[in-house]
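Okay, here's what each chain looks like letter by letter:
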Amino acid sequence: MITNPRQPRRAPLPLRAAAPAALACGLALVLGTAQPAAAHAGVTASDPRALAKNVTVTLTSEAESAKAGITKIQVVLPQGLSPAAVTLKNAPKGWKFIHSQGGYTVHGTALPTGTDAVHSIAVQQLPDAKELIFRVLETYSDGSVSRWIEDPGVDGSDSPAPVLKLKAKAPGAVKVPIDPALVATDPPAKEPAPAVTPAPSAAVPPAPAEAPTATASPFPSARPTEGGSPTGATAMTSTADDDGGNGPVIAAVAGVAVLLAAGGFVAYRRRSSGS
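Residues numbered from 1 in each chain as written. Predicted model: local features only at pLDDT ≥ 70, side-chain atom pairs only at ≥ 80, totals over all residues. Heavy atoms only, no water.

**Let's talk about the pattern of salt bridges**
Then step 1. Tallied over the full model, the rule gives four salt bridges.
Then step 2. A salt bridge links E131 to K165, with the shortest nitrogen-to-oxygen separation between them at 2.6 Å. Taken together, the residues E131 in strand β8 (residues 131-133) and K165 in strand β11 (residues 163-165) connect sequence positions 34 residues apart. (Salt bridge = Lys/Arg side-chain N within 4 Å of Asp/Glu carboxyl O. Helix = DSSP H or I, 4+ residues; strand = E, 2+ residues; numbered from the N terminus.)

Below, the structure is given as structure tokens:
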């Protein structure tokens, strides 16, 4: 007697049809949880055409930090676009624009967490090219930096730089030199104010010098004379002082004495002759 082997029981058709869908949903959920969609930087232009003039280029840096805000955007300009041909047109309130070698920087107070940093620049003329690559670095208030600087289209590129695709140049369009008058420059640093010299006040006569105090002379003292007065320079100085102050008085007294003596002598002779 031949018996058929027992066949395994197959799942009902509805369950078999739903299995692939459930697997796909589960895989999507796992991938979505493990690799969230990354933020990126993008660029647009008011007239994306080669050699277009007076073009407004807008760069958007999407916030990707959950705990810090963007404080600074550094941009390396594409080849053929000089920093001198770029000026700031719009940026977050209070942010400043600074030219740098090969590009520029806009920075300021940290934006609220989760807020994208959007700024616009005015370009005098776009280069004659098919695409322009703007390499962007985003700095956050916690010090972290996102670098959107890798060449786009490269396999395995996780941080591609923003690319601006350009249309063909208009007929007759030519490259023009940069107009220095339209180039924004940083204000010159203020020079320090010259030191103010105070006006000379009324001359005040110097205070009289105090009389020098007697000091021991390194030389032996002069021997006194018989009258007790010292000899040498001190005696000469003292004599010069006495003559200068009493000379006229002594002369007057001497004159009077001479007259009295002469009068007494004449009176004596007269008495002698009368006797």
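Here the narrative resumes, following the displayed structure.
**A closer look at the sheet that holds strand β7 (residues 117-125)**
Backbone-to-backbone hydrogen bonds pair the strands of a sheet. The strands run either parallel or antiparallel.
Then step 1. Strand order in the open sheet formed by four strands is β1-β2-β7-β4, with antiparallel pairing between adjacent strands. Each edge of the open sheet is held by one strand with a lone partner, namely β1 (41-45) and β4 (86-90). Here the average twist between neighbouring strands, direction ignored, is 30°.
Then step 2. Both β1 and strand β2 (residues 53-61) contribute to a ladder of five bridges, which runs antiparallel. Looking at β2, one finds that V43 is bridged to L59. (Pairing = 2+ DSSP bridges. Axes fitted to C-alpha atoms, helices over the stretch in contact; angles between N-to-C directions.)

**A closer look at the side chain of T58**
Then step 1. Within the secondary structure, T58 sits in strand β2.
Then step 2. Within polar-contact distance, the side chain of T58 engages the side chain of S120 at 2.9 Å.
Then step 3. For T58, the contacting residues outside a window of four places in its chain are G42, V43, T44, V118, H119 and S120. (Polar contact = N/O pair within 3.5 Å; in protein donor to acceptor, adjacent residues only side chain to side chain. Contact = heavy atoms within 4.5 Å.)

**Some remarks on the nonpolar core**
Then step 1. Judged by nonpolar contacts, the single largest core of 30 residues is most densely connected at V57, L59, Y104 and F134.
Then step 2. Mapped by element, the contributors of at least two residues to this core are β1, β2, β3 (70-76), β6 (103-107), β7 and β9 (135-140). (Core = buried A, V, L, I, M, F, W, Y, C linked by side-chain atoms within 4.5 Å. Buried < 20%, exposed > 50% of the residue type's maximum accessible area, 1.4 Å probe, protein only.)

**A word on the pairing of β6**
Then step 1. Of all five residues making up β6, four are buried, and the element is well covered by its neighbours.
Then step 2. Pairing of β3 with β6 involves five bridges; the strand directions are antiparallel. For V76, the partnering residue across the bridge sits in β6 and is G103.
Then step 3. The sheet contact formed by strand β5 (residues 96-100) and β6 spans five bridges and is antiparallel. Bridging from a neighbouring strand, F97 pairs with V106 of β6.

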